[in-house]
Amino acid sequence: MPRYVFDFSEGGKDLKDLLGGKGANLAEMTRLGLPVPPGFTISTEACRAYLAAGEVPAGLVDQVDAELRKVERRAGRTLGDARNPLLLSVRSGAKFSMPGMMETVLDIGLTDVTVHGLAGQTGDPRAAWDSYRRLIGMFGRTVCGVPGEDFERELAAHRSHAGVTTDAELGEADLRHLVEVYRKVFFDHTGREFPQSAREQLHLAIEAVFASWNTERAVLYRRQERIPQDLGTAVNVMAMVFGNLGSDSGTGVAFTRDPATGRRGVYGDYLADAQGEDVVAGIRNTVPLQDLEQIDPHSFDQLMSIMDKLEHHYRDLCDIEFTIERGKLWMLQTRVGKRTPAAAFIIAAQLVDEGVIDLDEALRRVSGTQLAQLMFPRFDRAAAPAPLAVGVPASPGAASGRVVFDAARAARRAADGERVILVRRETSPDDLPGMIAAQGILTSRGGKTSHAAVVARGMGKTCVCGADALDVDTEAGRFTVGGTVVSEGDVVSIDGATGEVFPGEVPVHASPVLRHLQGETAAGEDALLDAVGRLMAHADRLRRLEVHANADTGADAARARQFGAQGVGLCRTEHMFLGKRRALVEALILADGEQEREAALAALLPLQRADFVEIFEQMDGLPVTIRLLDPPLHEFLPPLPELTARVARAEALGHDPGRDGALLAAVRRMHEENPMLGLRGVRLGLVVPGLFAMQVRAIAQAAAECAGRGLSTRPEIMVPLVATVQELEAVRVEARRILDGTDLPRIPIGTMIEVPRAALTAGEIAGAADFFSFGTNDLTQLGWGFSRDDVEGAFFPRYLELGIFGVSPFESIDPTGVGRLVRIAVEEGRAARPDLTIGVCGEHGGDPDSIRFFHDAGLDYVSCSPFRIPIARLEAGRAALVSPAEPTADSR
């Protein structure tokens, strides 16, 4: 029979696959001799068995009962005992942190009988009844599906009746009556009395935690964070310690460094006379952790010592949950803490300076995704109005949008293209769809460790919490601050770095990090810019992959070079034929005979040459890969419906449609049912005489002109959509005939690998190619049989919802399907031609996960849009390191 249950003394931080993150870290703290309440962990294997069979696996109940007896002996109390009851907490704990997404139940073991035993045990009847009403509410909501707002409504009514504003001010009599009311709410929804067997409560709570792995919000969070759906969660069962026993008790969350800025210091929240969920839920405003030094100096000093010990042990920022029970400090959880992108870079550099980690490890702890977030714009402070309010800066960023007070409406309005700010008193896990959809999140309650703050930081979403000047009325759809009323649909702006809330839309300006990466500013004394610069430099030293740019103009090329591009990996010549030049393409299409066609091509040649000169000037000394014309020619003509209407209008008025009539005939003649699989790319060059030859001449003339001015040009010619070596050979013969008549150094001629057949016959094609470049956009379309323009809106959302995709294959490379085509082409191409240069120029060239794949597959370079070049440089450096055992903090 499998072993499913493990005492806290039996594990360690490296057993997250088995014990989940929380259980592994509880075991680690126990091994370090820290004050952890006794308890045990039910493994992820048990959860997977439960989810597969739909019932508790055989033997689990007996194993839980055996471990429970050990906990009872160590605690000196017994679950369900009338005089000396043991109470338990039951918490989820997956391998990767999923804050608030799965279930927790506290105070398991309280019944109509044991509540009196707890009152006698603690000498605090009020705390006993407070704990009992909490249990009924949490158990009802998480185990039995009772709507949480029904309990909240009764709690608010009791506060109002008692004339108090906080739960802590309710007296024993109020709480006794509230327990009766809660029990009635429970009965009305479930049709049964609240369970009076402590063991039944325990086993039902364990099942509820298992089942919560597949709740809608948990599935959505995993999809958002790219966490595998088949891991399952562990369950941690721990003896309760009580923070709600009066002013000498309390609960809190601490960070060893500021998770928002990375600064060293004392950071966290503390709440006296409370239990843990009060802090995380944000239902009461906390005090800064620093205040604990005056409230309970002994516990504060002990906590500081433990925090220092944990940070040195984990060699990273630690996130800690603790409870003080009548002056006794207990550690309930630790983990490597989620942090903002800025904090990730700053902390990594700090730990290097402190000698805790080396630069390699620092590079592993940041990511291209985080760097991208740091490149976002910031508010223009000079143009900002006076703030309406200032809250807790929980997750940096600058976000503007229309106020929405309901998560579901926020998701709907965002899906319709609106930018929204989700405003709540406090968020709960059920608000996740709206939090994902919103530009930013604003709450009137909670601090840096509230649900809203933790989830927002994990998603890189702008968030301001605890703006308590806001009187939020979600039912009326408005909030009031001072004399200002902000209604749903009004625009506000929030600054997650300062906590400010502004009316209207505030203008933004370029990010300091973006300007620094472009070489416009020096780091100076700025810790963030210094950290980014150091880690980028280390990534550049380590990386094997070169990073090139997709650039179609001189301006694009100049910007790419500022960002550190080592060449142009894709210059798309079709973009040069748009705008005013369409008329010249129309002339080519309408040409009647060879003479008119050659005249049209002759008119295009100097324009093409000038375009290439502009790019060669900016990329002096670096390679420029120019793709010959790829799209169907009819894309340069007016749309068929528009032309049809224009011609019909002219004929109805008795006018000669003239050129429009000729264009309409051409469009009809060239119409294709599926143009992406029709006359385009190499096929176009072979069917339209002189088209590719004109482009090759323009490239050669531009290179010669630049060389005559002392510039070093390195053009490369890339033939698109090749499916067979004979196509490439035909183009190559014509191109070589032109190039061999110049004094230029040999210009390489290669091909895009974007048709599956080309990948599967790469060995043959390599015989005629000087280089390969994977066009992964088309390779993905053709490999999957998708029309990208159609499928992303038609059924991708459903596929993501069903878990068929973890992420769109157009966003991140499909490693097993399309990726296999890539690996085959690399292996067979290099077998035929060992010196074959291979790169990628599709959208995947700037995607962090895809870059790691391309490194492993043996490519020489990736090419991406100019603004993604720093991201690609960083990820190429990280890819060169031996992969760490665990994912980076930002993604988990």
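Scroll up a little and you will see the structure.
Residues numbered from 1 in each chain as written. Predicted model: local features only at pLDDT ≥ 70, side-chain atom pairs only at ≥ 80, totals over all residues. Heavy atoms only, no water.

Trainee: Any chance you could break down the sheet that holds strand β22 (residues 484-487) for me, citing the residues and the numbers?
Mentor: As a general point, the strands of a sheet are linked pairwise by backbone hydrogen bonds and lie either parallel or antiparallel. Spatial ordering of the open sheet is given by β20-β21-β22, a layout of 3 strands whose pairing is antiparallel. Since the sheet does not close on itself, it has two edges, and those belong to β20 (471-473) and β22, each with one partner. The sheet shows a mean angle of 15° between the axes of neighbouring strands, direction not considered. By the bridge criterion, 4 bridges tie strand β21 (residues 478-481) to β22 in an arrangement that is antiparallel. In the sheet register, T480 faces β22, and the bridge partner there is V485. (Pairing = 2+ DSSP bridges. Helix = DSSP H or I, 4+ residues; strand = E, 2+ residues; numbered from the N terminus. Axes fitted to C-alpha atoms, helices over the stretch in contact; angles between N-to-C directions.)

Trainee: I'd like a rundown of empty space enclosed by the protein, residues and numbers included.
Mentor: Tallied over the entire structure, the rule returns 3 cavities of 30 Å³ or more. Taken as a whole, the largest cavity spans an internal volume of roughly 90 Å³. What lines the largest cavity is simply S89, R91, L106, M238, A239, M240, V241, G243, Q275, G276, T323 and L332. Elements supplying a minimum of two residues to the lining of the largest cavity: β5 (88-94) and β7 (233-239). Grouping the constituent residues of the lining of the largest cavity by class yields 6 nonpolar, 5 polar and 1 charged. (1 Å grid on protein atoms, 1.4 Å probe; cavity = no way out; pocket = protein on both sides within 12 Å on 5 of 7 lines; lining within 4 Å. Points joined across faces, edges and corners; volume = space filled by probe spheres on them. Nonpolar A, V, L, I, M, F, W, Y, C, P; charged D, E, K, R; others polar.)

Trainee: Explain the sheet that holds strand β31 (residues 771-774) to me, and be specific about the residues and the numbers.
Mentor: The 8 strands lie next to each other as β26-β27-β28-β29-β30-β31-β32-β33, forming a closed barrel whose pairing is parallel. When the angles between neighbouring strand axes are averaged without regard to direction, this sheet yields 30°. Sheet topology places strand β32 (residues 837-840) next to strand β33 (residues 861-864); 2 bridges connect them, and they run parallel. What sits directly across from G839, in β33, is Y861. Docked against the sheet, helix α27 (residues 691-708) engages β28 (623-627) and β29 (714-719), running at close to 170° with respect to β29. (Contact = heavy atoms within 4.5 Å.)

Trainee: Give me the lowdown on α27, citing residues and values where you can.
Mentor: Counted at 1.5 Å a residue, the expected span for α27 with its 18 residues is 26 Å, and the 26 Å between its end C-alpha atoms agrees. Here α27 has its buried residues at L691, F692, A693, M694, Q695, V696, A698, I699, A700, A702, A703 and C706. Buried residues in α27 make contact with α22 (582-590), α23 (594-618), β28, α26 (682-687), β29 and α28 (725-739). (Expected span 1.5 Å × (residues − 1). Buried < 20%, exposed > 50% of the residue type's maximum accessible area, 1.4 Å probe, protein only.)

Trainee: Which residues make up the side chain of D124, and what values go with them?
Mentor: Note on placement: D124 falls in the loop between α4 (114-122) and α5 (125-142). At 4.3 Å, R326 is the nearest oppositely charged side chain to D124, a buried residue that forms no salt bridge. A polar contact of 3.1 Å, which involves the side chain of D124, links it to the backbone nitrogen of A127. Look past the residues within four positions of D124 in its chain and what remains in contact with it is A119, N244, L245, G246 and R326. (Lys, Arg positive; Asp, Glu negative; His and termini not counted. Salt bridge = Lys/Arg side-chain N within 4 Å of Asp/Glu carboxyl O. Polar contact = N/O pair within 3.5 Å; in protein donor to acceptor, adjacent residues only side chain to side chain.)

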